[in-house]
Amino acid sequence: MSKTTPATLALDKAGVAYRLATYDYDPDAERVGLQAAEALGAPPSEVLKTLMVKADGKPVCVVLASDREVSMKKLAAAMGAKSAEMMKSADAERITGYRVGGVSPFGQKKAVPTLIDADAAALSDAFVNGGQRGLQVRLAPSELVRVLGAKVAAIS
């Protein structure tokens, strides 16, 4: 497994301190984020998942704890949109340049607005996808806000 991805390159360029962690990705896992947390031996609240959604048809990258569900109503309100829905996998892969299960909020092919759940943003340290299946980066979630200009809102 390569440990250099567009995500790690973006983190390096932004001067973000992070540690890499790898795990055996299970493509058959019912919930990828929870499987990652178990494999890493970390609490699910500290393993953040990256979702690609559409708010009024526009792409948004959403980051929240792997044991939480996003409220589309709260997400739409946070983005000033009337409605929000999950993006189709093929569209998410085309926009981000990553395969589903390996989508990182960093180093995406096309820059889109990023929204991080308030509980996740409040953590001092968390895992986020490193840009490929089975690769995580451990960092301060505040770096998501700083580097990506992410908006923080209660969306779970």
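Residues numbered from 1 in each chain as written. Predicted model: local features only at pLDDT ≥ 70, side-chain atom pairs only at ≥ 80, totals over all residues. Heavy atoms only, no water.

A sheet is described by the order of its strands in space; here five strands give the open sequence 4-2-3-5-8, paired in mixed fashion. The open sheet has two edge strands with one neighbour each: strand 4 (84-86) and strand 8 (151-153). The sheet shows a mean angle of 35° between the axes of neighbouring strands, taken without regard to direction. By the bridge criterion, three bridges tie strand 3 (residues 58-65) to strand 5 (residues 114-117) in an arrangement that is parallel. Looking across to strand 5, one finds that Val63 is bridged to Ile116. (Pairing = 2+ DSSP bridges. Helix = DSSP H or I, 4+ residues; strand = E, 2+ residues; numbered from the N terminus. Axes fitted to C-alpha atoms, helices over the stretch in contact; angles between N-to-C directions.)

Right, let's get into the side chain of Glu143. Along the chain, Glu143 falls in helix 6 (residues 142-148). Those residues in contact with Glu143 that lie beyond four places of it in its chain are Val16, Phe106 and Leu148. (Contact = heavy atoms within 4.5 Å.)

Another aspect to go through is the packing of aromatic side chains. Centre-to-centre distance and the angle between the planes together describe a pair of aromatic rings. Per the counting criterion, the structure on display carries zero aromatic pairs. Taking the ring centre of Phe127 as reference, the NZ or CZ of Arg138 above it sits at 4.6 Å. (Phe/Tyr/Trp six-rings, centres within 6.5 Å; stacked < 30°, edge-to-face > 60°. Lys NZ or Arg CZ within 6 Å of the ring centre and 35° of its normal.)

Time to look at the pattern of salt bridges. Per the counting criterion, the structure on display carries eight salt bridges. A salt bridge links Asp91 to Arg94, with the shortest nitrogen-to-oxygen separation between them at 3.2 Å. Taken together, the residues Asp91 and Arg94, both in helix 4 (residues 89-96) and three residues apart, mark about one turn of the helix. Across the pair Arg138 and Asp125 runs a salt bridge, and its minimum N-O distance is 2.8 Å. Here the residue Arg138 occupies a position in strand 7 (residues 135-139), and Asp125 occupies one in the loop between helix 5 (118-121) and strand 6 (126-132), the gap between them amounting to 13 residues. Given a relative accessible area of 24%, Asp125 falls into the partly exposed group. Via salt bridges that share partners, Arg19, Glu46, Asp125 and Arg138 belong to a single interconnected network. (Salt bridge = Lys/Arg side-chain N within 4 Å of Asp/Glu carboxyl O. Buried < 20%, exposed > 50% of the residue type's maximum accessible area, 1.4 Å probe, protein only.)

Turning next to the sheet that holds strand 7. If you walk across this open sheet you meet the three strands as 1-7-6, and the pairing is antiparallel. Looking along the sheet, the strands with just one partner apiece sit at the ends: strand 1 (19-22) and strand 6. Sheet twist, expressed as the average angle between the axes of neighbouring strands with direction ignored, equals 35°. As defined by bridge partners, strand 1 adjoins strand 7 across four bridges and the pair is classed as antiparallel. Bridge pairing in strand 7 places Thr22 opposite Leu135.

Bringing helix 2 (residues 32-40) into the picture now. Within helix 2 the residues assigned to the buried category are Gly33, Gln35, Ala36, Ala37 and Leu40. Two residues or fewer after helix 2 comes Gly41, characterised by a positive phi angle close to 70°.

With respect to the helices and strands, Glu38 occurs in helix 2. Between the alpha carbons of Glu38 and Ala7 there is a distance of 23 Å; along the sequence they are 31 residues apart.

Time to look at the environment of Gly102. For Gly102, the position within the fold is in the loop between helix 4 and strand 5. When its relative accessible area of 2% is taken as the criterion, Gly102 is described as buried. Once the C-alpha coordinates of Gly102 and Lys49 are considered, the two residues, 53 residues apart in sequence, prove to be 9.7 Å apart. For Gly102, the residues in contact, after removing those within four places along its chain, are Asn129, Gly131, Gln132 and Arg133.

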